[in-house]
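Coordinate inspection notes
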Amino acid sequence: MPTALKLRYYGDPVLRQCASPVDSVGPSERFFIQEMIRAMYEFEGAGLAAPQVGVERQIFVADAGDGPFVVINPEIVEASTEQAVMEEGCLSLPKIRINIKRPSVIRVRYLDGNGRRVERVLSGLLARIFQHESDHLFARLLIDYATDAEREKFQPQLARLEALSRDMWKTPA
Ligand code: ZN
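We now turn to the structure provided with this report. It should be emphasised that the depicted structure is a prediction, and the values quoted were computed from it without experimental measurement.

Analysis parameters
- Residues numbered from 1 in each chain as written.
- Predicted model: local features only at pLDDT ≥ 70, side-chain atom pairs only at ≥ 80, totals over all residues.
- Heavy atoms only, no water.
- Helix = DSSP H or I, 4+ residues; strand = E, 2+ residues; numbered from the N terminus.
- Buried < 20%, exposed > 50% of the residue type's maximum accessible area, 1.4 Å probe, protein only.
- Contact = heavy atoms within 4.5 Å.
- Salt bridge = Lys/Arg side-chain N within 4 Å of Asp/Glu carboxyl O.
- Expected span 1.5 Å × (residues − 1).
- Lys, Arg positive; Asp, Glu negative; His and termini not counted.

1. Details of the environment of Leu 91
- Tracing the backbone through its elements, the reader meets Leu 91 in the loop between strand 4 (83–88) and strand 5 (98–103).
- In this structure Leu 91 comes out as buried when scored by relative accessible area, which is 18%.
- Sequence-wise, Leu 91 and Leu 7 are 84 residues apart; in three dimensions their C-alpha atoms are separated by 7.9 Å.
- The contacts of Leu 91, once residues within four sequence positions are left out, are Leu 7, Tyr 9, Phe 43, Glu 44, Gly 45, Gly 47, Leu 48 and Gln 52.

2. Side note on the pattern of salt bridges
- Tallied over the entire structure, the rule returns 13 salt bridges.
- Between Arg 102 and Glu 88 there is a salt bridge, with the nearest N and O atoms lying 2.8 Å from each other. Here Glu 88 lies in strand 4 and Arg 102 lies in strand 5, a separation of 14 residues in the sequence.
- Judged by its relative accessible area of 4%, Glu 88 is buried.

3. Details of helix 2 (residues 124–137)
- Between its terminal C-alpha atoms helix 2 stretches 21 Å, which fits the 20 Å expected from 14 residues at 1.5 Å a residue.
- The element helix 2 is extensively covered by neighbouring structure, given that twelve of its 14 residues are classed as buried.
- For helix 2, the full list of buried residues reads Leu 126, Ala 127, Arg 128, Ile 129, Phe 130, Gln 131, His 132, Glu 133, Ser 134, Asp 135, His 136 and Leu 137.
- Two residues or fewer after helix 2 comes Ala 139, characterised by a positive phi angle close to 65°.

4. Brief notes about helix 1 (residues 27–43)
- In this model, helix 1 (17 residues) spans 24 Å end to end at C-alpha, consistent with the 24 Å of a helix rising 1.5 Å per residue.
- Buried within helix 1 are the following residues: Glu 29, Phe 32, Ile 33, Glu 35, Met 36, Ile 37, Ala 39 and Met 40.
- Next to the buried residues of helix 1 lie strand 1 (47–49), strand 2 (59–62) and strand 3 (69–79).
- Remark: Glu 44 follows helix 1 within two positions and exhibits a positive phi of approximately 60°.

5. Re the side chain of Glu 133
- Within the secondary structure layout, Glu 133 lies in helix 2.
- Buried charge without a partner: Glu 133 forms no salt bridge, and the closest opposite charge is Arg 102, 8.6 Å away.
- Setting aside chain neighbours within four positions, we find Glu 133 in contact with Gly 47, Leu 48, Ala 49, Gln 52 and Phe 60.

Geometric values such as these leave the question of function open.
If you want it as structure tokens, here you go:
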């Protein structure tokens, strides 16, 4: 059965609202997280944040190539001064790729899918995905990192996505 979760695109106001922390991980949170994991694989993304399916809660799921990774209430407590540039894409901004410079190594705190407190150091792709998905929970999108030239180049696609997001909620006359 395909996922019932609906992917939100650039222009949808939910992507520009900060998500609320999760107080406790109970059956409804676990169910939602399973649905998000299913949706991430169905949409073929390396990560999916709750606002991208219209839910303003601090939850994201990711897979950097070694299975699903569940993060609740993420905090980046320390970041390396060393930075790396990597090209990023986003399910909510299809056909847009932006080179983004971010810290290569981060120390993070979060709750896992069972509500247990975790503190660990991430590097490589996982550090990258963690930062991209955390951005979603604080209303930041990859296009915010674009240079003026990139923004100009992607303007037609951004306009298409904004129109799509408007049509999604239009009630038939
Ligand atoms: Zn994204």
